[in-house]
Amino acid sequence: MTASIIDGKAFAATVRAKVATHVARLKADHGITPGLAVVLVGEDPASQVYVRSKGEMTVEVGMNSYEHKLDMDVTEDALFALIDKLNNDPAVHGILVQFPVPAHLDEGRIVAKISPEKDVDGLHVVNAGLLASGGKAMVSCTPMGCLMLLREHLGSLSGLNAVVIGRSNLVGKPVAQLLLRDSCTVTIAHSRTRDLPDVVRQADIVVAAVGRAEMVTGDWIKPGATVIDVGINRIEAPERGNNADGSVKMRLVGDVDFASVAEVAGAITPVPGGVGPMTIACLLANTVTACSRANGLIEPKGLTI
Ligand code: NDP
């Protein structure tokens, strides 16, 4: 293996420690405690796990965590009334509605209802627009985590060729905007891209955000390139044996075939333990930033990009 491993778990811990330091300072110097409100609709088991772990980490860094659990069949009006209340609550600096929501609710309308200043997920069109136009945006958490890892590993990204595979509003587009802001030459690839392996072979930086298990293989990679694997895919792992109910055990893999890519790349993020832990760390960072901005205070160093 030639590639060094970019340890997102360790770097995320340093980001959370910086958040905790800033939170302690806000409390000591200004008597302010940042607060993050998370809204969960329904009882999707995976979402419950995410919400619980976000709540635990929020408390761990010294912030207030407010969890709101709504019934599966909650009306849009009732959900919007709660979001309005959180928008107007000075103790709440960040609001996150856990997606996916049940089919009768519209994610786009929900995001639009959140005040852009409290949109710590960075999904509101105002924040997307600010990012695209070079303004002071709330940057969505996973793209922000990718950029932090790249800067930490490479230092300056200026002049590098970057290929982002995926063009979602959640990951692909904001990652591309951030890379452009750091003066990369950026190509955004997607399902209609011709000769994708050839396009990827030009890249000094590859960000894979596709949702297809182990799609990017070593022969697509320019020797020495830095590879950021955003994908989270569950695949069958017969080598791990069966569960008690006889079903095959599963394991997590990224969009990158780790074994073959690690033979060629200069550096690579693992799955799990790469981009994933950075996402929650950046959510906490955005909440403390939103709190500082709401109170007209200096923004925390090293927690914005
Ligand atoms: P989307 O499904 O919204 O977008 C996937 C993108 O990949 C689309 O732009 C699509 O192109 C493109 N694509 C699909 N198939 C191909 C292909 N064969 N070749 C090239 N491009 C292709 O996914 P997300 O952006 O929301 O998420 C991407 C991955 O990242 C998922 O695995 C998700 O689980 C993971 N993720 C991880 C997070 C983390 O914290 N680590 C957070 C968020 C997501 P087109 O537009 O043409 O359809």
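Since we're looking at a predicted model, the values are computed, not measured.

1. Topic: the site of the ligand
Right, on to step 1. Near the ligand you find 22 residues, and of these Arg167, Ser168, Ser191, Arg212 and Thr279 are the closest.
Right, on to step 2. At a separation of 2.7 Å, an oxygen atom of the ligand approaches a polar side-chain atom of Arg167.
Right, on to step 3. Between an oxygen atom of the ligand and a side-chain N or O atom of Thr279, the distance comes to 2.8 Å.
Right, on to step 4. Contact with the protein chains removes 70% of the 930 Å² of surface that the ligand exposes when unbound.
Right, on to step 5. Sorting elements by how many residues they give to the shell around the ligand places helix α10 (residues 275-294) first, with three residues.

2. Description of the domain arrangement of the chain
Often, the extent of an interface is quoted as the loss of accessible area on bringing the components together.
Right, on to step 1. For the chain, the domain assignment lists domain 1 (25-138) and domain 2 (141-276).
Right, on to step 2. Domain 1 and domain 2 are separated by 27 Å when their C-alpha centres are compared.
Right, on to step 3. When domain 1 packs against domain 2, the two sides together hide about 490 Å² of surface, and 66% of this comes from carbon and sulfur.
Right, on to step 4. Along the contact surface separating domain 1 from domain 2 lie zero salt bridges.
Right, on to step 5. Here domain 1 is connected to domain 2 by zero residue pairs in polar contact (both at pLDDT 80 or more).
Right, on to step 6. Its residues assigned to classes, the side of domain 1 that touches domain 2 shows four nonpolar, one polar and one charged.

About the cut-offs
- Residues numbered from 1 in each chain as written.
- Predicted model: local features only at pLDDT ≥ 70, side-chain atom pairs only at ≥ 80, totals over all residues.
- Heavy atoms only, no water.
- Near = heavy atom within 4 Å.
- Polar contact = N/O pair within 3.5 Å; in protein donor to acceptor, adjacent residues only side chain to side chain.
- Areas by Shrake-Rupley, 256 points an atom, 1.4 Å probe, with all protein chains shown as cover.
- Helix = DSSP H or I, 4+ residues; strand = E, 2+ residues; numbered from the N terminus.
- Domains from an automatic or database assignment.
- Buried area = accessible area lost by both parts, 1.4 Å probe.
- Salt bridge = Lys/Arg side-chain N within 4 Å of Asp/Glu carboxyl O.
- Nonpolar A, V, L, I, M, F, W, Y, C, P; charged D, E, K, R; others polar.

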